[in-house]
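Breakdown of the fold
Take a look at the letters that make up each chain.
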Amino acid sequence: MPLRIPDRLPAIDILKQENIFVMDDSRAHTQDIRPLKIVILNLMPLKITTETDLIRLLSNTPLQMDITFMKLKSHTPKNTPIEHMMMFYRDFEELKSQKFDGMIITGAPVESLDFEEVTYWDEMKTIFEWAHTHVHSTLYICWAAQAGLYYYYGIPKYPLGKKKFGIFEQQIIPTHLPIFRGFDDTFYMPHSRHTEIHREDILKNEKLTIIAEGEESGVSMVLARGGREFYVTGHLEYAPNTLDSEYKRDYAKRDDVELPKNYYHHDNPQEGPKVIWRAHANLFFQNWINYYVYQTTPYDISKIE
């Protein structure tokens, strides 16, 4: 896809080495079409890794997109160089007067805290309120999914007895939805979290629809406002080696870390991961961009409301 991203973003070189087509700002300006405006609020600690993961998936449609990275003013990342943040990210205050066709809000390593205990919760609430009127369709991932469901609909999260860690089979519930066009009856999704939402809480709210869930992982996708909001409790965007890196990082600190389920060939880290979610991950992001952003967003972006 002709993806408009800032010149010199590290993801450009990484993805070109993977034979994935991306277009930097300089070339995109020569194309006379109205690109979709997509804003990404990246709350993950390893910003460059998450940028690459998301751009890899967004680059698989023929539509031109103008990608903007948003950061929080009330939080300073510890694991990404400040020079990178200053060059490629913009504060919410700089962007709040604009409207966007689509938005992605990522997970964050704060799920052990109550939402109100998160140092940047007040700013998150402001962004959630802004997204309702300034974004046509928003994709909430992992912690952001739990946070959005809590803020908008009062859905609580619950601590798990042990980390939900691995690749889990998902069952599609309303199979007619455009977001699942081209999907098999079941698909797989990476999960890496210490908390969960409960099915019965979602079912009590008529504004929410569970659209995918797993026997082991529980609720994995929730839809609201006809596709203006998608809440995804797992990580379809994860690269093949992400869970491997998490496992080895944690195992280096303590010896009671369990293997990620259904991830390694023969449950042997030495044999590497078996990737069984990548095709559906690409299809999910393509369908979201096509059917819930491009096909329904106003051509005059100022009319988003």
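Each remark here, short or long, concerns the structure printed above.
Notes on the structure in this doc start here. (Residues numbered from 1 in each chain as written. Predicted model: local features only at pLDDT ≥ 70, side-chain atom pairs only at ≥ 80, totals over all residues. Heavy atoms only, no water.)

Structural notes on the environment of isoleucine 104
Put simply, the rule is: Think of it this way: any DSSP run of H or I at least four residues long counts as a helix, any run of E at least two long counts as a strand, and we number them from the N terminus. Buried, partly exposed and exposed residues are distinguished by accessible area as a fraction of the type maximum, computed with a 1.4 Å probe on protein chains only: under 20%, between the cut-offs, and over 50%, respectively. Throughout, a contact is declared for two residues whenever any of their heavy atoms are within 4.5 Å.
Relative to the elements of secondary structure, isoleucine 104 occurs in strand β6 (residues 100-105). According to the relative accessible area criterion, isoleucine 104 is buried, its value standing at 0%. On a C-alpha basis, the gap between isoleucine 104 and phenylalanine 69 in space is 9.7 Å, while along the polypeptide they are 35 residues apart. Excluding anything up to four places from it in sequence, isoleucine 104 contacts Val39, Ile40, Leu41, Leu54, Leu58, Leu139, Ile141, Phe285 and Trp288.

Let's talk about the pattern of salt bridges
Opposite charge on two side chains permits them to pair, given that their charged atoms come into close proximity. Inclusion rule: Any Lys or Arg side-chain nitrogen found within 4 Å of a carboxyl oxygen on Asp or Glu counts as a salt bridge.
What the rule picks out here adds up to 14 salt bridges. Where arginine 199 meets glutamate 213, a salt bridge forms, and the shortest distance between an N and an O atom there is 2.9 Å. Taken as a pair, arginine 199 in helix α8 (residues 199-203) and glutamate 213 in strand β10 (residues 208-214) lie far apart in primary sequence, 14 residues in all. You can call glutamate 213 buried: its relative accessible area is 17%. For aspartate 256, the salt bridge identified is with arginine 254, shortest N-O distance 2.9 Å. Taking relative accessible area as the criterion, aspartate 256 reaches 54% and is therefore assigned exposed. Shared partners join several salt bridges into a network, and the residues in it are Lys163, Glu246, Arg249 and Asp250.

Looking at the packing of aromatic side chains
The cut-off we apply is this: Ring geometry is summarised as follows: Phe, Tyr and Trp rings, the Trp one being its six-membered ring, pair when their centres sit within 6.5 Å, and such pairs are stacked at plane angles under 30 degrees, edge-to-face over 60 and tilted between the two. Placement of a charge over a ring requires the Lys NZ or Arg CZ to be within 6 Å of the ring centre, with the centre-to-atom vector within 35 degrees of the ring normal.
This structure, assessed with the given rule, holds 27 aromatic pairs. Considering the side-chain rings of tryptophan 121 and phenylalanine 128, the 6.2 Å spacing of their centres and the 75° angle between planes classify their relative orientation as edge-to-face. Judged on exposure class, the residue tryptophan 121 and its partner phenylalanine 128 are both buried. Ring centres of phenylalanine 230 and phenylalanine 284 lie 6.4 Å apart, and the angle between their planes is 85°; this geometry places the pair in the edge-to-face category. Highlighted residues: phenylalanine 230 in strand β12 (residues 229-232) and phenylalanine 284 in helix α10 (residues 278-294), separated in sequence by 54 residues. Relative accessible area serves as the criterion here: at 1%, phenylalanine 230 is assigned to the buried category. Taken together, Phe115, Tyr120, Trp121, Phe128, Tyr140, Trp143, Tyr150, Tyr151, Tyr152, Tyr153 and Tyr231 form an aromatic cluster joined through their ring pairs. A cation over a ring is seen here: lysine 157 above phenylalanine 115, with NZ or CZ 4.6 Å from the ring centre. Over the aromatic face of tyrosine 291 sits the side chain of arginine 181, whose NZ or CZ is 4.5 Å from the ring centroid.

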